[in-house]
Amino acid sequence: MHFPKAAGGGEIDKDALDAQVKDRKIQEATEKARNEELANEMKQNDKMMCMLEERQKYSIRNINKAVSDFQKNFQKPETRREFDLSDPQGLKKDRPARLSDNDPRCTVSGLQKFMGEDLNYAQRMKFQKEQLREWSLQQQRDCKNALADEKFLDDLHDKNRIELDRKTMEQQQIEQETRRAVCAATKDFNRSQAAELAERKKLDKHQKMKDDMDEISSLLQGDLLSENPEQAISSFGTHRVITDRWKGMNQDQLMAIRSFQQQQVLEKLRLKEEERQRDAEWDRQSMQAARAQLILERHQERQNRERRQALDSINAQLSQEQKSKDMKLLSLVCQYMGPDKDRAKEQKEAYSS
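Residues numbered from 1 in each chain as written. Predicted model: local features only at pLDDT ≥ 70, side-chain atom pairs only at ≥ 80, totals over all residues. Heavy atoms only, no water.

Enquirer: So what's going on with the overall build of the protein? Which residues, and what values?
Expert: Broken down by element type, the protein carries six helices and two strands. Its helices and strands taken in sequence order, the protein reads α-α-α-α-β-β-α-α from the N to the C terminus. A total of 353 residues make up the protein; the buried ones form 10% of that total. Counted over contacts in the protein with a minimum sequence separation of 6, partners at least 24 positions apart contribute 37%. For the protein, the exposed area adds up to about 30,500 Å²; of that, 55% sits on carbon and sulfur atoms. (Helix = DSSP H or I, 4+ residues; strand = E, 2+ residues; numbered from the N terminus. Buried < 20%, exposed > 50% of the residue type's maximum accessible area, 1.4 Å probe, protein only. Contact = heavy atoms within 4.5 Å. Areas by Shrake-Rupley, 256 points an atom, 1.4 Å probe, with all protein chains shown as cover.)

And the structure:
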């Protein structure tokens, strides 16, 4: 929209704006009236088109009805020249091709009678169906009996396996109890041996301490350490002395004493060596007992493995026997099934595979 300005001071011309607004409203009203007129005209045209279509449909329906009435009244099928060729009741009006099985018209060249197309076909088929039904019932009974026998054999096999598994479990329980008893006895024996060894060591230590105390007490209370001057006087005369009490010993006497002390040291070492050998012997016996226990456990494991292998072999043999029995039952079923023999053979081959 153009906004004109006044010539002098730059202000907006209100009259010109009002005139433009008025022209715009007049233009919008004119366009709205023209659109409404066009809409009314389109509605009128649509209504006229609908009326013309209805009239055309009515005319076509009347024409089709007139044509149908004319054909029904003046062009009947039986008035046609070739009606006898397309008469729907022609077969009912015509004579049958064969009146009986001994009809003289049923010659070989006439192809009116074939094997299995006799007039008592319905009765013969009924008899055959009854016979097939009896055969089917007999096959069903045989199949049920075979299934019952198979179920009985399976139940018997399951009972035998359960009994065998029960005996195996009982044997394993007995072996486990025996093993536990052996382990308990071994532990008790080891415990008693350890207690006996500890008691022996305790008694030896106590006896050693007692001997040492007695020796120390004897030495402390003896004349040698007390330095009694009369201890060296012999009972055979004053000119004789007791060598183990006499203070003035010579070198030989000192050497004798040192030799005796050396013997005591050697004796003590011998006792320690015997004790060490006794401990080593005890350790060796303990290791032998542990090794014997390990050998016993390995032997029992090997026996258990052999028993399991024997049990697996028995189970495989029983499975093979069961499979052979099933093959025999399937062979009997194949003999009784008759028309379904091929399908039974296929089942038998699938089962054997």
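Here the narrative resumes.
Enquirer: Hey, could you go over helix α1 (residues 14–74) for me, with residue numbers and the actual values?
Expert: The terminal C-alpha atoms of α1 lie 90 Å apart, and with 61 residues this matches the ideal 90 Å at 1.5 Å per residue to within 8%. Its side-chain oxygen placed 3.4 Å from the backbone nitrogen of D15, D13 serves as the N-cap of α1. (Expected span 1.5 Å × (residues − 1). Polar contact = N/O pair within 3.5 Å; in protein donor to acceptor, adjacent residues only side chain to side chain.)

Enquirer: Residue-level account of the packing of aromatic side chains, with values.
Expert: What the rule picks out here adds up to one aromatic pair. A ring pair is formed by F70 and F74, whose centres lie 5.2 Å apart and whose planes are at 35 degrees; its orientation type is tilted. Pair noted here: F70 and F74 are both in helix α1, with a separation of four residues, about one helical turn. Residue class for F70 comes out partly exposed when judged on its relative accessible area of 44%. For F74, a relative accessible area of 61% puts it in the exposed group. (Phe/Tyr/Trp six-rings, centres within 6.5 Å; stacked < 30°, edge-to-face > 60°.)

Enquirer: Pulling in residues and values, what's your account of the confidence of the model for the protein?
Expert: Overall, the prediction assigns the protein a mean pLDDT of 82, with 82% of residues at 70 or greater. At the low end of the mean pLDDT range in the protein sits helix α6 (residues 341–352), at 56; at the high end sits α1, at 89. Contacts from residues 5–9, a stretch scored under 50 in pLDDT, to residues over four places away or in other chains number three contacts. (pLDDT = per-residue confidence, 0-100.)

Enquirer: Before we move on, can you summarise the pattern of salt bridges with the specific residues and values?
Expert: Under the defined criterion, the tally for this structure stands at 15 salt bridges. With a closest N to O distance of 2.1 Å, E281 and R284 form a salt bridge. Of the two residues, E281 and R284 are both situated in helix α5 (residues 251–337); the distance of three residues between them amounts to about one turn of the helix. If you follow the salt bridges from partner to partner, you end up with E130, R133 and E134 in one network. (Salt bridge = Lys/Arg side-chain N within 4 Å of Asp/Glu carboxyl O.)

Enquirer: Could you give an account of the layout of surface pockets, naming the residues involved and the relevant values?
Expert: Empty space among the atoms can be located by rolling a probe the size of a water molecule over them. A volume near 610 Å³ is recorded for the largest pocket. If you go around the largest pocket, you meet 18 residues; those closest to its centre are K208, D212, E267, K268 and L271. When contributions to the lining of the largest pocket are tallied by element, the ones reaching two or more residues are α3 (121–221) and α5. At ten residues, α5 tops the list of elements feeding residues into the lining of the largest pocket. Among the residues making up the lining of the largest pocket, the classes are represented as two nonpolar, three polar and 13 charged. (1 Å grid on protein atoms, 1.4 Å probe; cavity = no way out; pocket = protein on both sides within 12 Å on 5 of 7 lines; lining within 4 Å. Points joined across faces, edges and corners; volume = space filled by probe spheres on them. Nonpolar A, V, L, I, M, F, W, Y, C, P; charged D, E, K, R; others polar.)

Enquirer: An account of the environment of D87 is requested, with residue identities and associated values reported.
Expert: By secondary structure assignment, the location of D87 is in the loop between α1 and α2 (90–93). What makes D87 buried here is its relative accessible area of 17%. In sequence terms D87 and P77 are ten residues apart; their C-alpha atoms lie 8.7 Å from each other. Here Q89 takes part through its backbone nitrogen, which lies 3.2 Å from a polar atom of the side chain of D87.

Enquirer: Which residues make up a negative patch on the surface, and what are the values?
Expert: Residues D211, D212, D214 and E215 make up a contiguous surface patch of negative charge. Looking at where D214 falls in the secondary structure, it is placed in helix α3. Judged by relative accessible area, which is 44%, D214 ranks as partly exposed. (Patch = residues over 30% accessible without salt bridge, like charges linked within 9 Å, V, L, I, M, F, W, Y side chains within 5 Å. Lys, Arg positive; Asp, Glu negative; His and termini not counted. Charge placed at Lys NZ, Arg CZ, Asp CG, Glu CD.)

Enquirer: Could you give an account of the side chain of Q322, naming the residues involved and the relevant values?
Expert: Its place among the elements puts Q322 in helix α5. In this structure the side chain of Q322 is engaged in a polar contact, spanning 2.9 Å, whose partner is the side chain of D154. Those residues within four positions of Q322 in sequence are excluded, and the remaining contacts are L153, D154 and H157.

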